[in-house]
Structure formats: structure tokens, C-alpha cells
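# Descriptive analysis of the structure
Chain by chain, the residues:
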Amino acid sequence: MPLEFNTIKGFKDILPADPFQTLDQSGVGQLVEMGIKKGRSARPDLKIGICGEHGGDPDSVEFCHRMGMDYVSCSPYRVPIARLAAAQAVVKEKLSGEFFVDK
């Protein structure tokens, strides 16, 4: 039986969320942002997305939108959550009057 994040003593005291479910925006997120900028500087029409459990997490979906990703992909049972999170990210962006990333 594999270990789960919630069962490993002390992890919840160190990390705010399960890193296998929610993208670490301040750590891994910096690497993602760097990769997107460098990739698009070399090829502006580069299609970028994320797949896996992170693609169905609302916080991660909003982050992907802010970074200018083109798509997220996730397991079928998480698709409704991902679609709602993507729509909310667009509405949030429009209401704030700021565009997160120029493509």
C-alpha cells in the first residue's frame, strides 16, 4: 500500500498542501514560469499545458492561466472542477482589469 501525504507524520506541518495534488507555486512555479518564458522566446507559437492531478486542482488551474498556458488535462472525474476553475480564472482576470501574461 503506497504512502499518502496525509499519513506521513510531519508533512502537513511543513507543506501547506499535498504536492501531488496542488502545484507548489512559489517553488516549482518559478521553474514553470522560467520554462514558459524561455520556450516562448524561442518559439512564440509554442503550445504549453499541464496534465495529471495538478490539471484538476482549482488553485493549480488558476496558476496555469496566470502563466499563459494553453490547456490543462486531468482525469475524467476532475474535468468539471477544472472547467469551473478555468472559467473562474478568466472572470477574475477580466474583473481585475489585468492580463496575466502576454502570449
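Anyway, here's the lowdown on the structure attached to this text. Here the residue numbering is sequential within each chain, running from 1 through the sequence in written order. Selection of residues for local features in this predicted model requires a pLDDT of at least 70, selection of side-chain atom pairs for listing and counting requires 80 or more, and totals for whole chains, interfaces and linings are taken over all residues. The basis for the side-chain values is all heavy atoms of the structure; hydrogens and waters are excluded.

So, on to the overall build of the chain. Only runs of H or I of at least four residues qualify as helices and only runs of E of at least two qualify as strands under DSSP, and these elements are numbered from the N terminus. Of regular secondary structure, the chain possesses four helices and two strands. Counting from the amino terminus, the chain carries its helices and strands in the arrangement α-α-β-α-β-α. In the chain, which comprises 103 residues, the proportion classed as buried is 29%. What makes two residues a contact is simply this: any of their non-hydrogen atoms within 4.5 Å. Considering only contacts within the chain whose residues lie at least 6 apart along the sequence, 54% involve residues at least 24 apart. Accessible surface is estimated by sampling points in the Shrake-Rupley manner with a 1.4 Å probe; for residues, cover comes only from the protein chains shown. In the form shown here, the chain has an accessible surface area of approximately 7,400 Å², with 60% of it arising from carbon and sulfur atoms. The rule is simple: take the accessible area with a 1.4 Å probe, protein chains only, and divide by the maximum for that residue type; under 20% is buried, over 50% is exposed, in between is partly exposed.

This paragraph deals with the pattern of salt bridges. Each salt bridge in this description consists of a side-chain nitrogen of Lys or Arg and a carboxyl oxygen of Asp or Glu lying within 4 Å of one another. Going through the model one piece at a time under the given rule, you end up with six salt bridges. As a salt-bridge pair, K37 and E33 come within 3.3 Å of each other at their nearest N and O atoms. With K37 and E33 both in helix α2 (residues 28-42), this residue pair falls four residues apart, about one helical turn. On the basis of relative accessibility, which here comes to 56%, the residue K37 falls in the exposed class. It is possible to trace a salt-bridge network through shared partners that takes in E62, R66 and K92.

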